[in-house]
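Chains, contacts and geometry: an overview
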Amino acid sequence: MRITLSNLHKMMREGEKITMLTCYDASFASLLDAAGVDTLLIGDSLGNVLQGHESTLPVTLRDIVYHTACVARGAKNAFIIGDMPFGTFQVSPQDAFRNAAEIMAAGAQMVKIEGGRSMLETIAFLTERGIPVCGHLGLTPQSVHQLGGYKVQGKAEDDAQRLLDDAGILEQAGAGMIVLEAIPAALASQVTAAARVPTIGIGAGVDCHGQVLVLHDMLDVYPGKKAKFVKNYMKAAAGSIQDAVALYVAEVRSGKFPGREHSF
Ligand code: KIV
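The structure presented is a predicted model; accordingly, all values stated were derived computationally and were not measured.

Helices and strands together make up the secondary structure of the protein chain, namely twelve helices and eight strands. For 264 residues, the compact-globule formula gives about 18 Å, and the C-alpha radius of gyration of the protein chain, at 17 Å, lands near that figure. Along the longest, intermediate and shortest principal axes, the C-alpha atoms of the protein chain span 45 × 40 × 40 Å. Here the analysis covers contacts within the protein chain between residues at least 6 apart in sequence; of these, 63% occur between residues at least 24 apart. Counting every atom, the protein chain has about 11,200 Å² of accessible surface; 53% of that belongs to carbon and sulfur.

Rendered as structure tokens:
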């Protein structure tokens with residue numbers, strides 16, 4: 001049966017870790033589903049790992065809609081989140097709604113939006129009209145040029161406080177989940193302790209309610225530079241994709257991943 005947002009909130013309340021991986025096609029969706037991955041994210045990371053771009057900025061709404069439909073056909077159980085690409089949600093809440101509705105119609109159960117307090121109005125507009133929203137704080141790759149590179153965020157005291165406040169603001173606006181990317185583990189732990197919705201970490205330490213990795217990174221098929229927070233599960237599982245995904249699920253559930261070596 002299809003996992004719902006309420007199921008994920010229950011897992012959070014009961015201290016059960018949530019597993020998430022990015023996914024972009026039906027075959028992998030079916031494989032990840034069979035391995036028990038709770039949540040599949042059609043991330044705009046597809047710009048890097050599928051399309052060969054240097055950033056996620058060229059990814060279009062059409063790309064996300066197409067890949068969301070592929071994943072939705074392949075996965076019977078996993079909760080499905082579609083990423084909102086750069087330029088599809090910043091103009092106005094109304095424009096964001098129209099674009100998010102296309103992703104939902106393709107089979108997503110939630111959309112993900114990068115950004116902090118400036119997204120308050122948009123998140124409220126979408127959630128009040130039936131579209132669940134996942135926030136994304138910390139290293140937000142669509143802002144790579146503003147951030148000056150793919151760097152760990154929230155290290156300075158005022159940046160950390162701003163991120164903590166942003167998490168509360170997103171939750172108040174109606175966000176049902178928050179991805180925390182590349183921030184100190186201690187800060188993610190603080191955000192998680194204060195949150196009433198699941199936090200999903202990527203390079204944010206082991207205390208988050210769940211973890212996500214980019215599929216092509218953890219299977220070691222992406223030729224580009226890997227972040228410190230990536231673990232090569234293909235190597236750890238001796239070359240079997242099924243075993244690599246099963247090991248990731250087991251290690252996230254048991255709290256073995258991420259280790260200190262994958263955290264900041
Ligand atoms: O696009 C993506 O894959 C993401 C994850 C890294 C969280 O946003």
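Next up on the list: the packing of aromatic side chains. Taken as a whole and judged by the stated rule, the model has five aromatic pairs. Judged by centre distance (6.3 Å) and plane angle (80°), the ring pair of F97 and F125 falls under edge-to-face. Separated by 28 residues along the polypeptide, F97 in helix α5 (residues 93–105) and F125 in helix α6 (residues 120–128) bring together distant segments of the chain. Stacked on the ring of F125, the Lys or Arg R129 has its end atom at 3.6 Å from the ring centre.

With respect to the element layout, A194 can be found in helix α9 (residues 185–194). When its relative accessible area of 56% is taken as the criterion, A194 is described as exposed. Placed 30 residues apart in sequence, A194 and L164 show a C-alpha to C-alpha distance of 8.7 Å.

Moving on: the side chain of Q142. In this fold, Q142 is placed in the loop between β5 (133–138) and α7 (144–147). You can call Q142 buried: its relative accessible area is 6%. A polar atom in the side chain of Q142 sits 2.6 Å from the side chain of D44. With sequence-adjacent residues up to four places away left out, Q142 is seen in contact with D44, T56, L57, M84, P85, F86, F89, Q90 and E114.

The next thing to look at is the nonpolar core. L21, L32, L40, L126, M177, L180 and Y248 are the most contacted members of the largest nonpolar core, which totals 87 residues. Considering each element in turn, this core owes the most residues, six residues, to helix α4 (residues 61–74). Ignoring anything within four residues of it in the chain, the contact list for L126 reads M84, P93, A96, F97, A100, V111, I113, I131 and V133.

This part covers the site of the ligand. Around the ligand, the neighbouring residues are T22, L41, G43, D44, S45, D83, K112, H136, V179, E181, I202 and V214. Within the contact set of the ligand, an oxygen atom lies 3.0 Å away from a side-chain nitrogen or oxygen of D44. Here S45 contributes a side-chain N or O atom positioned 2.5 Å from an oxygen atom of the ligand. Compared with its free state, where it exposes 260 Å², the ligand has 96% of that area covered by protein. Mapping the ligand onto the cavity grids shows that it belongs to the largest pocket. Counted by class, the shell around the ligand contains four nonpolar, four polar and four charged residues.

A few words now on α9. Among all positions of α9, only L187, A188, V191 and T192 are buried. On an axial view of α9, the arc spanned by its buried residues comes to 135°, and they lie on one face. The outward face of α9, more than 90 degrees from its buried face, is lined by the exposed residues A186, A193 and A194. Structurally, α9 contributes buried residues whose contacts are with α8 (157–173), β6 (177–181) and β7 (199–202).

Rules used in this analysis
Residues numbered from 1 in each chain as written. Predicted model: local features only at pLDDT ≥ 70, side-chain atom pairs only at ≥ 80, totals over all residues. Heavy atoms only, no water. Helix = DSSP H or I, 4+ residues; strand = E, 2+ residues; numbered from the N terminus. Rg over C-alpha atoms; globule rule 2.2 N^0.38 Å. Contact = heavy atoms within 4.5 Å. Areas by Shrake-Rupley, 256 points an atom, 1.4 Å probe, with all protein chains shown as cover. Phe/Tyr/Trp six-rings, centres within 6.5 Å; stacked < 30°, edge-to-face > 60°. Lys NZ or Arg CZ within 6 Å of the ring centre and 35° of its normal. Buried < 20%, exposed > 50% of the residue type's maximum accessible area, 1.4 Å probe, protein only. Polar contact = N/O pair within 3.5 Å; in protein donor to acceptor, adjacent residues only side chain to side chain. Core = buried A, V, L, I, M, F, W, Y, C linked by side-chain atoms within 4.5 Å. Near = heavy atom within 4 Å. 1 Å grid on protein atoms, 1.4 Å probe; cavity = no way out; pocket = protein on both sides within 12 Å on 5 of 7 lines; lining within 4 Å. Sits in = over half its atoms within 2 Å of the grid points. Nonpolar A, V, L, I, M, F, W, Y, C, P; charged D, E, K, R; others polar. Arc of directions from axis to C-beta.

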